[in-house]
Amino acid sequence: MTDPTTPPSTSLPPCPTCGRPAVAAFRPFCSKRCADVDLGRWFSEQYRVPVRDEDAQIFEENDPRRVDPDDEVG
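First, a word on scope: everything that follows refers to the structure included in this document.

### Concerning the pattern of salt bridges
Here is step 1: Going through the model one piece at a time under the given rule, you end up with one salt bridge.
Here is step 2: Linking Lys-32 and Asp-36 is a salt bridge whose minimum nitrogen-to-oxygen distance equals 3.2 Å. Of this pair, Lys-32 and Asp-36 both sit in helix α1 (residues 32-43), four residues apart, roughly one helical turn.

### Focus on the packing of aromatic side chains
Here is step 1: Tallied over the full model, the rule gives one aromatic pair.
Here is step 2: Arranged with centres 5.1 Å apart and planes meeting at 65°, the rings of Trp-42 and Tyr-47 form a pair that is edge-to-face.

### Some words on the side chain of Asp-38
Here is step 1: Residue position: Asp-38 is located in helix α1.
Here is step 2: Separated by 3.2 Å, the side chains of Asp-38 and Tyr-47 make a polar contact.
Here is step 3: Beyond its immediate chain neighbours, meaning those up to four positions away, Asp-38 contacts Thr-17, Phe-29 and Tyr-47.

### Some details on the state of the cysteines
Here is step 1: As enumerated under the stated definition, the model contains zero disulfides in all.
Here is step 2: Of all cysteine sulfurs, the one in Cys-34 lies closest to Cys-15, which takes part in no disulfide; the gap is 3.8 Å.
Here is step 3: With no disulfide partner, Cys-18 has as its closest neighbouring cysteine sulfur the one in Cys-30, 3.6 Å distant.
Here is step 4: Using a relative accessible area of 37% as the deciding quantity, one classes Cys-18 as partly exposed.

Conventions used here
Residues numbered from 1 in each chain as written. Predicted model: local features only at pLDDT ≥ 70, side-chain atom pairs only at ≥ 80, totals over all residues. Heavy atoms only, no water. Salt bridge = Lys/Arg side-chain N within 4 Å of Asp/Glu carboxyl O. Helix = DSSP H or I, 4+ residues; strand = E, 2+ residues; numbered from the N terminus. Phe/Tyr/Trp six-rings, centres within 6.5 Å; stacked < 30°, edge-to-face > 60°. Polar contact = N/O pair within 3.5 Å; in protein donor to acceptor, adjacent residues only side chain to side chain. Contact = heavy atoms within 4.5 Å. Disulfide = S-S within 2.5 Å. Buried < 20%, exposed > 50% of the residue type's maximum accessible area, 1.4 Å probe, protein only.

Below, the structure is given as structure tokens:
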């Protein structure tokens, strides 16, 4: 079993959140705190996956919530 208090392996890259050496038990992070900070950034949309314009257009065309202005409503 891996002990998170053991010195980090030299083959692991630094923690992407704080830059300290990563710990194998929390890979790629150095601690649970840094992993939680990263997850919070995803939840708050600070990180985004880039979308190409043509992908966005295809999504909008196939969106079932899309309202056609020519449709009669109500």
